[in-house]
Amino acid sequence: MILSGKRIVLGVTGSIAAYKAVYLASVLTKFGARLDAVMTPSAARFVGPVSFEGLTGRPAYTSVMQSTPEGEIAHVALGSTAQAVVIAPATAGTIARLAAGMASDILTATVLSSAAPVVIAPAMESEMYLSAVTRENLQTLQSRGATVIEPETGRLASGREGPGRMAEPDRIIDILRGVLGRGGPLAGRKIVVTAGGTRGQIDPVRFIGNPSSGRQGIAIAAEARDRGARVSLILGNHSHPPPAGVQLLHTLSYAAMRDAVLNETAGCDALIMAAAVNDFEAAQVSPGKIKKSGGGLTLSLTENPDFLLDLNDDMVKIGFAAETGELKKNAESKLAEKRLDAIVANDVTEEGAGFASPTNHVRILRRGAKWHDVPLGTKESVAEKIVDVVQDLVGDRAG
């Protein structure tokens, strides 16, 4: 995970959404980030510094006069060593002070002391958020390189409904990962990832499909983004949210998936074909719903051609083999027949490695190499190993 070991300053301002910052600190720390909480005086009226200290195991800072345990001036030390500054929640007042370059509290002083990327998650009443001056201040900060995470629409502190509700912590973390990944080992590379399942219609209300959640391919897309790649995610039917910071193309049918892959792979560095594309279609799609007759129904199916064979060999191509038996034999055959650089194989009958599971157990075979076993783990941890292979193959080809 890209967050592991990263030095992150979490700025907390005086908003009722400050309680969400406690959860944000907890998750970032769980992912291995070295987190320092920096609070404005008004933030401490909503949530105490001890909450952050207990979660992070590090001091929380509330005054510009504070020093670090090492005796350094806190805002200078924190700003100069931070790899990212996240301000969540960010009130209209703090946004205005940041835009004006003020150093009126420890948070604004820390930002001024830092060259690290800044991520801002506004939280305020709708009228304040939509006011011309707040919009101008946010645009000013964006022009200086800050990433602004637009707030959500929902119930606000006043009890009204509208835009201004701070983005959820999981979304902030997802965007932060992409920010931290800029300039990574895949920077300048275009990676196309497919994920989810496709459907073949039988009639307007029935289809041939599969239970793919898209989670493994989505995790791969996020990991490639975290390494600086420009990612196109071609997404079929799915039940897992896609990552931020990627180009997203929605497809539902075999034909739509095929066309999207053929278009997006022009000039790309690698294709990772994690989608579960339907191999069969109804030979004839009924224009109306097929009614039950009491005598059963026989369907005639046609086989969809493998469009991977229509792609040129200028890019790295990674295929997937979801099998129910003879895993290695079938995967080796696909590796050769599809002219792949590597194949990722899993037995979907294995506990914890099937469709819609949060975990996976895969074996990876590179052309001309031995099988590599990736033990059972989260699909996110498996994605890291898969992208390791892609990164090596792209580097080998470039070299």
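Described below are features of the structure shown in this document. Note that this is a predicted model, so its numbers are computed, not measured.

As for the overall build of the protein chain
Part 1 of the argument: When you go through the protein chain residue by residue, the secondary structure sums to 12 helices and 20 strands.
Part 2 of the argument: Reported as C-alpha extents along the three principal axes, the dimensions of the protein chain are approximately 75 × 50 × 40 Å.
Part 3 of the argument: Among the 399 residues that make up the protein chain, the fraction classed as buried is 49%.
Part 4 of the argument: For the protein chain, restricting intrachain contacts to residue pairs at least 6 apart in sequence, the fraction spanning at least 24 positions comes to 66%.
Part 5 of the argument: For the protein chain, the exposed area adds up to about 18100 Å²; of that, 52% sits on carbon and sulfur atoms.
Part 6 of the argument: Mean positive and mean negative side-chain charge positions of the protein chain (41 and 41 charges, respectively) differ by 2 Å.

Some details on the pairing of strand β20 (residues 371–378)
Part 1 of the argument: Bridge count between strand β19 (residues 359–366) and β20: 6 bridges; the pairing is antiparallel. When the sheet's bridge partners are listed, V362 is paired in β20 with V374.
Part 2 of the argument: Joining the antiparallel neighbours β19 and β20 is a turn of 4 residues, in which G368 adopts a positive phi near 80 degrees.

Thoughts on the sheet that holds β19
Part 1 of the argument: Spatially, the 8 strands line up as an open sheet ordered β13-β12-β9-β14-β17-β18-β19-β20, and their pairing is mixed. The open sheet has two edge strands with one neighbour each: β13 (247–250) and β20. On average, each strand axis in the sheet is inclined to that of its neighbour by 15 degrees, with strand direction left out of account.
Part 2 of the argument: With 6 bridges joining them, strand β17 (residues 316–323) and strand β18 (residues 342–347) adopt parallel strand pairing. From the neighbouring strand, I318 faces β18, where its bridge partner is A342.

So, the environment of L271
Part 1 of the argument: For L271, the location among the structural elements is in strand β14 (residues 270–273).
Part 2 of the argument: Expressed as a C-alpha distance, the spacing of L271 and I191, which sit 80 residues apart in the sequence, is 6.0 Å.
Part 3 of the argument: Every residue in contact with L271, bar those within four places of it in the chain, is listed here: V192, T194, V261, T265, L308, L311, M315, V316, K317 and I318.

A look at the side chain of E264
Part 1 of the argument: Position of E264 among the secondary structure elements: in helix α10 (residues 254–264).
Part 2 of the argument: Here E264 falls in the buried class, since its relative accessible area comes to 11%.
Part 3 of the argument: Side chain to side chain, E264 and S232 meet in a polar contact 2.8 Å long.
Part 4 of the argument: With sequence-adjacent residues up to four places away left out, E264 is seen in contact with K190, V192, S232, I234, Q247 and L249.

So, the layout of surface pockets
Part 1 of the argument: Estimates place the volume of the largest pocket at around 1100 Å³.
Part 2 of the argument: As for the largest pocket, its lining consists of 44 residues, and the residues nearest its centre are A275, A276, V277, F320 and A322.
Part 3 of the argument: Tallied by class, residues from the lining of the largest pocket come to 21 nonpolar, 15 polar and 8 charged.
Part 4 of the argument: Looking at the second largest pocket, its volume works out to about 640 Å³.
Part 5 of the argument: Only α8 (169–180), α9 (215–226) and α12 (379–398) provide two or more residues apiece to the lining of the second largest pocket.
Part 6 of the argument: Per-element accounting of the lining of the second largest pocket gives the leading share, 5 residues, to α9.
Part 7 of the argument: Partitioned by chemical class, the residues of the lining of the second largest pocket number 12 nonpolar, 3 polar and 7 charged.

Calculation notes
Residues numbered from 1 in each chain as written. Predicted model: local features only at pLDDT ≥ 70, side-chain atom pairs only at ≥ 80, totals over all residues. Heavy atoms only, no water. Helix = DSSP H or I, 4+ residues; strand = E, 2+ residues; numbered from the N terminus. Buried < 20%, exposed > 50% of the residue type's maximum accessible area, 1.4 Å probe, protein only. Contact = heavy atoms within 4.5 Å. Areas by Shrake-Rupley, 256 points an atom, 1.4 Å probe, with all protein chains shown as cover. Lys, Arg positive; Asp, Glu negative; His and termini not counted. Charge placed at Lys NZ, Arg CZ, Asp CG, Glu CD. Pairing = 2+ DSSP bridges. Axes fitted to C-alpha atoms, helices over the stretch in contact; angles between N-to-C directions. Polar contact = N/O pair within 3.5 Å; in protein donor to acceptor, adjacent residues only side chain to side chain. 1 Å grid on protein atoms, 1.4 Å probe; cavity = no way out; pocket = protein on both sides within 12 Å on 5 of 7 lines; lining within 4 Å. Points joined across faces, edges and corners; volume = space filled by probe spheres on them. Nonpolar A, V, L, I, M, F, W, Y, C, P; charged D, E, K, R; others polar.

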